[in-house]
Amino acid sequence: MAVAQWVKTLTFYEILVGMKATITVLIDRIVLRKRKAVTLQYPHEKRALPGTYRGMIALLKYDDDTEKCVGCDLCEAACPSRVITVISSEVEGEPMKRYAKEYYMDMTRCLFCGLCVQACPVDALAMTTEYEWAKYNKRDLRLNKEQLLALGDRNFPVREKKLEFQHPNVAYFNIGHKNLPPKES
Amino acid sequence: MEMLVFAGAAVVKITVVMGVVLLTVAFLTLAERKVLSWMQDRMGPMEVGPYGTLQPIADGIKLFFKEDIIPAGANRFLFSLAPILSLVPAFIGFAVVPYGPNREIELFGVTIKPFIITDINIGILYILAFASIGAYGVILGGWASNNKYSLLGGLRSAAQVISYELNIGLAIIGVLILSGSLSMVTIAEKQAGGFWHWNLIGGLQIVAFVVYLISAVAETNRLPFDLPEAESELVAGWMTEYSGMRFAFFFMAEYANMILVSCIASVLFLGGYNAPYPGTLLPDKLSWIEGVAWFTVKVYAFLFLFFWLRATLPRLRYDQLMRFGWKVMLPLALGNIVITSIVVYFVRR
């Protein structure tokens, strides 16, 4: 036993085993062509992103080109990084209905947790699969409402239908949402 | 006239050798990255040129145009001197390495040896002496940077180089006993006539060869003995404060040292330019091509071994390095000298 150990030490057995492992990988890669690099040459080839990818956040519209956002500020409240600033305002002549007069997202602080999307009662926010948003000026990453709506238009060309029974003067919530909390009975 | 021809021939030889060495240094950096990436399921550089083959040129241009920073607290003179002190000894050693057969050609009445810049009779001592000066570059660079990481890297390098240079010196003594000469040319010539005449096999210098190889890796500060540079502990060791061309000097010195050490290993243990079979395949006029080719193959095999070791082994701890150097390698090298001397004494009689 001790002799075998000595022989192993003297012949650098363990180092040779390790060197065999590395050279096997090289031969498989270069000579036998059995292995492939795990590298993805990023700017030239890109990963297929899952549908649930949490990229840039976008504001959505209904199919009649009206904004979904009702200016409720819940996203601002939900945001852990204080990314969102909503300046809510009444719709002119319709005192029951509100909308976001101004809507800002400071994407430099965003951690893409998706809490704002969950918090939105009318599904006005969505997460896109866009991620190549490197900018030379960080102020370019403070997005206003137009930019966020453009993001939504670009990534979600199929818009949700505005439901018939929604009275224009009544604040409504997204009834179509599948995961409503159970009502207290 | 004779003086002029002699000087001209020397200048030509130096230019060719320096050109080849610098080119090899440049493309070794690429080769290392490629080999490492192939062993690690990666791709390595792929952007500059086809399959990244022009990467060394891009690296060179980048380093050349980078800002040259000297830290405020640094000793300016030593800080500037250190990279030169590191680079020059690395390149100067190539002067005594025989690249091909020991031919002599007559040119305007002057005898010229085309495959060695100069054949001095203490060639191997000369290389060892200059290799030690290279350590000064590392130590001074580490001290002059006025940075704790640099200083630690420099001190580690000092300790490492001293302990492992001793082993290199003792390991090659067996070879010197066998060939009875310190001249690189004579050592290579004595090993002619097939691989069974090489010092590694015919001279039974296997222990010395292993000791030399391990010490050479340690001497060039390569993994697994890259303690002076230890990225995870010392940022970049003695190179932490260096940038631009000064950093490039250290970098080139490291790779030039690798080539030099590989050249010495192939000359001392693997017969240098001698083919592993007796004589040459090509006719006598062209046999030098074969010699140079074999030398190149041997040197590149050693260089590949350097990359291979780097891809395989993790870094040693400092006490392990010292223990291994003094308690394992030194006795082995000394034992090799004793046994070789006894064998040579009885065989020669």
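Residues numbered from 1 in each chain as written. Chains lettered and ligands numbered in written order. Predicted model: local features only at pLDDT ≥ 70, side-chain atom pairs only at ≥ 80, totals over all residues.

S.K.: Is there a simple way to explain the overall build of chain B in this structure?
M.R.: Looking only at helices and strands, one finds 11 helices and two strands in chain B. Along chain B, from the amino end to the carboxyl end, the secondary structure elements read α-α-α-β-β-α-α-α-α-α-α-α-α. Taking 349 residues into account, the globule formula puts the C-alpha radius of gyration at 20 Å, and chain B, at 21 Å, falls close to it. Principal-axis analysis of the C-alpha atoms places the extent of chain B at approximately 60 × 50 × 45 Å. When each of the 349 residues of chain B is scored for burial, the buried share is 43%. Taking contacts inside chain B between residues at least 6 apart in sequence as the whole, the part at least 24 apart equals 77%. (Helix = DSSP H or I, 4+ residues; strand = E, 2+ residues; numbered from the N terminus. Rg over C-alpha atoms; globule rule 2.2 N^0.38 Å. Buried ≥ 20, exposed ≤ 12 C-beta atoms within 10 Å, placed from the backbone. Contact = placed C-beta atoms within 7 Å.)

S.K.: What am I meant to see in the interface of chain A and chain B here?
M.R.: Accessible area lost upon the coming together of the parts serves often as the stated size of an interface. At the junction of the two partners, chain A supplies 14 residues and chain B supplies 10 residues. Class assignment of the residues belonging to the side of chain A that touches chain B gives a composition of eight nonpolar, four polar and two charged. (Nonpolar A, V, L, I, M, F, W, Y, C, P; charged D, E, K, R; others polar.)

S.K.: What is the right way to read the pairing of strand E2 (residues 84-91) of chain A from this model?
M.R.: All names here are of chain A. Across eight bridges, the pairing between E2 and strand E3 (residues 94-106) is antiparallel. Across the sheet, the residue bridging to Val-86 is Tyr-103, located in E3. The turn joining E2 and E3, which pair antiparallel and follow one another in sequence, is formed by two residues; a positive phi near 80° is taken by Gly-93. (Pairing = 2+ DSSP bridges.)

S.K.: It is not clear to me how unusual backbone geometry should be interpreted in this structure. Could you clarify?
M.R.: For residues other than glycine, phi is negative in most cases, and the peptide bonds are mostly trans. Residues and elements named next belong to chain B. Of note in this structure, Asn-146 is not a glycine but carries a positive phi near 55°. Along the polypeptide, Asn-146 turns up in the loop between helix H4 (123-144) and helix H5 (148-179). Since 15 C-beta atoms lie within 10 Å of it, Asn-146 is described here as partly exposed.

S.K.: In this structure, what is going on with helix H7 (residues 206-219) of chain B? I would like to understand it.
M.R.: One turn of the α-helix equals 3.6 residues, which is why residues spaced by three or four share an orientation. Residues and elements named next belong to chain B. The end-to-end C-alpha distance of H7 is 19 Å, a good match for the 20 Å that 14 residues give at a rise of 1.5 Å each. The element H7 is extensively covered by neighbouring structure, given that 12 of its 14 residues are classed as buried. Burial in H7 covers these residues: Ala-208, Phe-209, Val-210, Val-211, Tyr-212, Leu-213, Ile-214, Ser-215, Ala-216, Val-217, Ala-218 and Glu-219. Remark: Asn-221 follows H7 within two positions and exhibits a positive phi of approximately 60°. (Expected span 1.5 Å × (residues − 1).)

S.K.: Please clarify how the nonpolar core should be interpreted in this entry.
M.R.: Nonpolar side chains tend toward joint burial in soluble globular proteins. All names here are of chain B. Core analysis: the largest hydrophobic core is formed by 90 residues, its most contacted members being Tyr-212, Ala-256, Ile-259 and Ala-265. Take this core: its biggest share by element is 17 residues, from helix H9 (residues 244-269). In this structure, Ala-265 is in contact with Tyr-212, Leu-213, Ala-216 and Phe-302, ignoring residues within four places of it in sequence. (Core = buried A, V, L, I, M, F, W, Y, C linked by C-beta atoms within 7 Å.)

S.K.: Help me understand the packing of helix H1 (residues 2-39) of chain B against helix H10 (residues 287-312) of chain B in this model?
M.R.: The angle between the axes and the distance between the axes are what describe a pair of packed helices. Residue and element names in this part refer to chain B. Packing of H1 against H10 leaves a shortest axis separation of 9 Å and a crossing angle of 45°. When the axis of H1 is compared with that of H10, the two are oblique. When you trace H1 past H10, the crossing you get is right-handed. Across the interface between the two elements, Leu-28, Glu-32, Val-35, Leu-36 and Met-39 of H1 pack against Leu-303, Phe-304, Phe-307, Arg-310 and Ala-311 of H10. Across the contact of H1 with H10, the residue classes tally to eight nonpolar, no polar and two charged. (Axes fitted to C-alpha atoms, helices over the stretch in contact; angles between N-to-C directions. Parallel < 35°, antiparallel > 145°, perpendicular 65-115°, else oblique. Left-handed = near helix turned anticlockwise from the far one by under 90°.)

S.K.: Explain the sheet that holds E3(A) to me, please; I cannot follow it from the model alone.
M.R.: Consider a sheet: its strands pair through backbone hydrogen bonds, and that pairing is either parallel or antiparallel. All names here are of chain A. Taken together, the three strands give an open sheet; going across it, the order is E2-E3-E5, and neighbouring strands pair in antiparallel fashion. The two strands at the open ends of the sheet, each matched to only one other strand, are E2 and strand E5 (142-143). Strand contacts of helix H5 (residues 145-155): E3 and E5, with the helix running at about 90° to E3, the strand carrying the most contacts.

S.K.: Before we go on, may I ask you to explain the environment of Ala256(B) in this structure?
M.R.: Residue and element names in this part refer to chain B. Here Ala-256 shows up in helix H9. Residue classification places Ala-256 among the buried positions, given that 26 C-beta atoms sit within 10 Å. Here the alpha-carbon distance between Ala-256 and Thr-220, two residues 36 residues apart in the chain, equals 9.3 Å. Apart from the residues lying within four places of it in its own chain, the contact partners of Ala-256 are Val-21, Val-25, Ala-90 and Phe-91.

S.K.: Which parts of the structure should I look at to understand helix H3 (residues 76-92) of chain B?
M.R.: Residues and elements named next belong to chain B. Between its terminal C-alpha atoms H3 stretches 25 Å, which fits the 24 Å expected from 17 residues at 1.5 Å a residue. By the burial criterion, the buried members of H3 are Phe-79, Ala-82, Pro-83, Leu-85, Ser-86, Leu-87, Pro-89, Ala-90 and Phe-91. Check the buried side of H3 and you find it contacts H1, H4 and H9.

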